[in-house]
Amino acid sequence: MNTENRNFPARPPPPPFSSSPFASAPPPGVVPPQSGGPEAVGFRPPARPFTPSGPHMAQPAGVMRPAGQPPLVSQLPGSRPPPPSFPSTAYGPPGGGSFHRFPTPPPSGVPPPPQTLAGHLSPPMSFRPQQPMASVTMGPPPQSMTSGIPGGFASPSGPGFQQSMPGGPQPSYPGYPSNQVLQGPPKPFQSPSQGPPSAVSSYPPQTGGFAQHPGQQNMHPSYAPPPTSNVQGLVEDFNSLSLSNIPGSLEPGFDHTSFPRPLDGDVEPSSFAEAYPMNCHSRYLRLTTNAIPNSQSLASRWHLPLGAVVCPLAEAPEGEEVPLIDFGSSGIIRCRRCRTYVNPYVTFTDSGRKWRCNICSMLNEVPGEYFSHLDATGRRMDLDQRLELTKGSVEIIAPTEYMVRPPMPPIYFFLIDVSFSATKSGMLEVATQTIKSCLDNLPGYPRTQIGFITYDSTLHFYNMKSSLSQPQMMVVSDLDDIFVPLPDDLLVNLSESRNVVEAFLDSLPLMFQNNVNVESAFGPALKAAYMVMNQLGGKLLIFQNSLPSLGVGRLKLRGDDPRVYGTDKEYTLRVAEDTFYKQMAADCTKFQIGINVYAFSDKYTDIASLGTLAKYTGGQVYYYPGFQSSIHGDKLRHELARDLTRETAWESVMRIRCGKGIRFSSYHGNFMLRSTDLLALPAVDCDKAYAMQLTLEETLLTTQTVYFQVALLYTASCGERRIRVHTAVAPVVTDLGEMYRQADTGSIVSVYTRLAIEKTLSSKLDDARNVIQQKIVKALREYRNLNAVQHRLGSRLIYPESLKFLPLYGLAIGKSTPLQGGPADASLDERCAAGFTMMALPVKKLLKLLYPSLFRVDEWLLKPSADFDDLKDVLRRLPLAAESLDSRGLYIYDDGFRLVLWFGRMLSPDIAKNLLGADFAAELSRVTLQEQENGMSKKLMRLIKKVRENDPSYHPMCFLVRQGEQPREGFLLLRHLIEDQMGGSTSYVDWVLQLHRQIQQNA
Ligand SMILES: [Zn+2]
């Protein structure tokens, strides 16, 4: 056995896939609606959100849509654009009318379709100066328009398009040498190379944090002594690793197989949940430690983050759904002073006439309608019927005072690139087919609204009025003075205009199939979409296939100067250069527009800038570098379908309250703050989580407990305004040891990951990685000092059981796509896309990405089949090291974003034949895994299906690679074996030694 992973290039040659786990598909975010009554009464003043406050902000309630022309377009007489200012290259129908309708597709070359590249190609036949818009029939474009163009592909003139023709040479990205070689091959395998296939790994099945006596280090792991064997006569409540060698020595004097590894995935702290059964489930709220320090001095010795991760809409398993509460005539019961919602921790007094707020201690009157007698123990007699008094999570139906306008309908607006690469790659076809297939399942029927704008060097609007039989297309080519034609018919009710919408989606790919326009007027298109949507808000889905090249927001190639890397300026490449993007995001959030960005280019598209739109609107970035429908089609289909059909909370705001003496001081994730503590989330869904940090405001807390309450005010797709409330309590402690015992590694890692990614936006990658390392060192040093008094610690690294995986996750954060290595290890776009994605991931998903699953499947495939419910029952996860791989085996690597099937070089040919059919000996980069007509293949496909179903938030693509196939093996798998040392990165063993050394300094 051996994987022969010698020098493989760090950067793969241009896609079909990327080395990043995000190769294709972070989920999009949700869309928010309009000014949505910031938790109205309760949340502080509706506060004019963010920056500029527009005239539409405070719409009169009751008016869903202004009857008159919206101000933004009202300067247009009728819907006819002002005559001047039209470039002479614009096309228009004969007669100069604004838009005509062509009932059926013209047989040939009738009205020139917009894709005829105004401005770049020879003068079109139907050249009509002074006509800004053309109305074009939907349908296949006249072939003569494109095929007759001399030269075929006109050479694009926009910046950044030096090489955009497919099939042509694909120069490597400036700044990203394509033949980088990672120095330092991974360490050679140490596991038995001649053993039977089953002797796969040298790791014991159970990896705890057990130390061994130095003298036992060569013992077979299965004879490892029990955990207590290293205890020196005293009962220690910490774990430790014996690191008895001299730091820096080549001979490790310890058994690294005993290092802790999270092979069971994220295990949530359970004792806490048992102690406080009325707390909300940890899927909604996880504190970094379930023991709050009672003083600032104690907090200052807790070097780990003090805070929480909140996933307000996390999916609950069947039977555990959040109950819906209607307070009816009594109105919602909230504290008069701090606006806390009534919850299981409030107490009733005065014979049931008053209740005391658990957060601020205020004594409140109980409204007559809500009154109930108390029993002898002080419990309300009606407690059994009051879910809000027994459940940590409830959803409350909000009355009209929680609305500043009628609840908005679900709105899906699509901004689609139809330029050359978008159509050529098949993106346009897959996207339109998927949208069409989801029409029945978009939330909110029959109120759902939908609309489209497409663009290349011009903008194309589509009149979808239900009375039409075919959509009507209008082309606007003046990019400097964007106006929206027919503003009332661009966003239409889906159920009324269903036929027109379907006709549109059917014909769109055909219309542009021969488009040779390579320009991208993305910025102007975005402005136009904003103008259409800002009356109502909604979800804006952007499909961008190239670098925006025309009009406002045009972007330029960045990162091609290698001298910038490693300097203090490098971070500027990871943030948006043009303020246009952040400003647009702020404007969109203000008007309840949430943006999801789908990016597809195989070349630099400045995800740093594009992603800003998603970041500040609570959205999501999906990145499919080098998209080709034959390869990435399924992934896009699944992820777009999930984006469109998952339940979405519209026009929402979120606030988290906590007891007196503490406050949340910082928030981390994709959102914008509307006031100091109100998160504006135009659209939220179950796949989004937010991290926050706490500060003690008072020197000393005098209470025994601290309460937390998350409230998300939103509009449900059904049109109901609701408040989802999660409440939890945690004890206040005086003992640092208890804080450590109650630490939650998953939550801590979530906060750290977000802090580290934020740091990469203002510092060098090295600095961001070092920050995490220093934090872990400080925390473990403090812990060591805490125990050094009573115990002889010697050369042991000690840590609490609760934090046993923290060092490994710390290493994994530094090796994750946004932070890893240097410029050669991930392209700018990959880094940025991964950063935007990881900022929003819920805890479990993030941990899986940081420490993915690796398991061996060939032996299992050979066993007589038994159906399985839980993957854990059939497959054992292995340490993420090349040592785990046996060349006679077949392994699956799964990080939640993609699957890699690794075929050992000596894998039985029968197995390969069964699984790959005739392709079994082919180079695996050319093989797609398909079900074969045999039991083994079916079994494997069932397994893969199960893996995908277990987490539908992303659709992992499946890559095949055979041992030794370089460079693919390197970038698909070996470099993600994070316990190994790879090209300058640190191995797990060295990392632990480093930490240990630093902890002992000044200990
Ligand atoms: Zn209160």
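Just so it is clear, the structure is predicted and the values come from calculations on it, not from any experiment. (Residues numbered from 1 in each chain as written. Predicted model: local features only at pLDDT ≥ 70, side-chain atom pairs only at ≥ 80, totals over all residues. Heavy atoms only, no water.)

## Structural notes on the overall build of the protein
Phase 1: Along its length, the protein carries 23 helices and 30 strands.
Phase 2: When burial is assessed residue by residue, the protein has 63% of its 1003 residues classed as buried.
Phase 3: Intrachain contacts of the protein at a sequence separation of at least 6 include 80% that bridge at least 24 residues.
Phase 4: Total accessible area on the protein stands at roughly 36,200 Å², and carbon and sulfur atoms take up 52% of it. (Helix = DSSP H or I, 4+ residues; strand = E, 2+ residues; numbered from the N terminus. Buried < 20%, exposed > 50% of the residue type's maximum accessible area, 1.4 Å probe, protein only. Contact = heavy atoms within 4.5 Å. Areas by Shrake-Rupley, 256 points an atom, 1.4 Å probe, with all protein chains shown as cover.)

## Some words on the nonpolar core
Phase 1: Counting residues in each nonpolar core, the largest one holds 219 residues, and the members touching the most others are Phe 452 and Phe 708.
Phase 2: Formed by 32 residues, the second largest nonpolar core is a distinct cluster that contains Phe 327, Ile 359, Leu 678 and Ile 723. (Core = buried A, V, L, I, M, F, W, Y, C linked by side-chain atoms within 4.5 Å.)

## Examining the coordination of the zinc ion
Phase 1: Around the zinc ion, the protein contributes the donor atoms Cys 335 (SG), Cys 338 (SG), Cys 357 (SG) and Cys 360 (SG), which lie 2.2 to 2.3 Å from the metal centre.
Phase 2: Here the zinc ion binds 4 donor atoms, and the angle range of 101 to 114 degrees at the metal identifies the geometry as tetrahedral.
Phase 3: All donors to the zinc ion come from one chain, and their sequence spacing reads C-x2-C-x18-C-x2-C. Each member of the pair, Cys 357 as well as Cys 360, carries the same accessibility label: buried. (Donors = N, O, S within 2.8 Å, 3.2 Å for Na, K, Ca; no water. Tetrahedral: all angles 85-135°; square planar, octahedral: opposite > 155°, others 65-115°.)

## Structural notes on the UniProt feature "domain: Zinc finger Sec23/Sec24-type" (unreviewed entry) in the protein
Phase 1: UniProt tags residues 332–370 as "domain: Zinc finger Sec23/Sec24-type" (unreviewed entry).
Phase 2: End-to-end, the C-alpha atoms of residues 332–370 are 10 Å apart, and along that stretch the chain is 0% helix and 23% strand. (UniProt positions renumbered as here; feature names shortened; annotations may be inferred.)

## Considerations on the environment of Ala 812
Phase 1: Relative to the assigned elements, Ala 812 resides in helix α15 (residues 806–815).
Phase 2: A residue is classified by how much of its surface remains accessible, and Ala 812, at 2% relative accessible area, is buried.
Phase 3: With 38 residues separating them in the primary sequence, Ala 812 and Leu 850 have C-alpha atoms 5.4 Å apart.
Phase 4: Among all residues touching Ala 812, those that are not within four sequence positions of it are Leu 850 and Ile 978.

## Describing the side chain of Ser 419
Phase 1: Summarising the element assignment, Ser 419 is placed in the loop between β11 (411–417) and α5 (420–424).
Phase 2: The residues touching Ser 419, leaving out its near neighbours within four places in the chain, are Tyr 455, Asp 456, Asn 515, Asn 517, Val 518, Glu 519 and Ser 546.

## Some remarks on the pairing of strand β18 (residues 620–623)
Phase 1: Because side chains alternate across β18, one face comprises the buried residues Gln 620 and Tyr 622, and the other comprises Val 621 and Tyr 623, equally buried.
Phase 2: Note: strand β17 (residues 593–599) against β18, 4 bridges, orientation parallel. Residue pairing across strands places Tyr 598 opposite Tyr 622, the latter belonging to β18.
Phase 3: Taking the sense of rotation as the criterion, the β-α-β connection linking β17, helix α10 (residues 607–615) and β18 turns out right-handed. (Pairing = 2+ DSSP bridges. Right-handed = clockwise from strand over helix to strand, strands pointing away.)

## Points about the sheet that holds strand β27 (residues 853–856)
Phase 1: Across the sheet, 4 strands lie side by side as β27-β28-β29-β30; this open sheet has mixed pairing. Two strands close off the open sheet at either side, each with one partner strand: β27 and β30 (957–962). Neighbouring strand axes in the sheet, compared pairwise and without regard to direction, differ in orientation by 20 degrees on average.
Phase 2: In this sheet, strand β28 (residues 890–894) lies alongside β27 in antiparallel orientation, the contact comprising 4 bridges. The residue bridging Leu 854 from the neighbouring strand is Tyr 893, located in β28.
Phase 3: Helix α21 (residues 935–950) contacts β27, β28, β29 (898–903) and β30 of the sheet and is inclined by roughly 150 degrees relative to β29. (Axes fitted to C-alpha atoms, helices over the stretch in contact; angles between N-to-C directions.)

## Observations regarding the sheet that holds strand β23 (residues 690–696)
Phase 1: On the basis of which strands lie adjacent, the open sheet formed by 4 strands has the order β3-β5-β23-β20 and antiparallel pairing. Two strands close off the open sheet at either side, each with one partner strand: β3 (285–287) and β20 (662–668). Neighbour-to-neighbour, the strand axes of this sheet turn through a mean angle of 25 degrees, independent of strand direction.
Phase 2: With 4 bridges joining them, strand β5 (residues 307–310) and β23 adopt antiparallel strand pairing. Its bridge partner lying in β23, Gly 307 is registered against Gln 693.

## Focus: the confidence of the model for the protein
Phase 1: Within the protein, residue pLDDT values average 79, and 74% of them lie at 70 or more.
Phase 2: Taken as a whole, residues 1–19 scores under 50 in pLDDT and shows 83 contacts with residues more than four places along the chain or in a different chain.
Phase 3: Here residues 139–202 is a poorly scored stretch, pLDDT under 50, and it has 142 contacts once near neighbours within four places are set aside; other chains count. (pLDDT = per-residue confidence, 0-100.)

## Description of the side chain of Ser 457
Phase 1: For Ser 457, the position within the fold is in the loop between β12 (449–455) and β13 (459–463).
Phase 2: Residue class for Ser 457 comes out buried when judged on its relative accessible area of 8%.
Phase 3: Separated by 2.6 Å, the side chains of Ser 457 and Asn 517 make a polar contact. (Polar contact = N/O pair within 3.5 Å; in protein donor to acceptor, adjacent residues only side chain to side chain.)

## Things to note about the packing of aromatic side chains
Phase 1: Going through the model one piece at a time under the given rule, you end up with 26 aromatic pairs.
Phase 2: Measuring from centroid to centroid gives 4.8 Å for Phe 543 and Tyr 598, while their planes differ by 15 degrees, and the two rings are stacked. Separated by 55 residues along the polypeptide, Phe 543 in strand β16 (residues 538–544) and Tyr 598 in strand β17 bring together distant segments of the chain.
Phase 3: Its relative accessible area of 0% is what places Phe 543 among the buried residues. (Phe/Tyr/Trp six-rings, centres within 6.5 Å; stacked < 30°, edge-to-face > 60°.)

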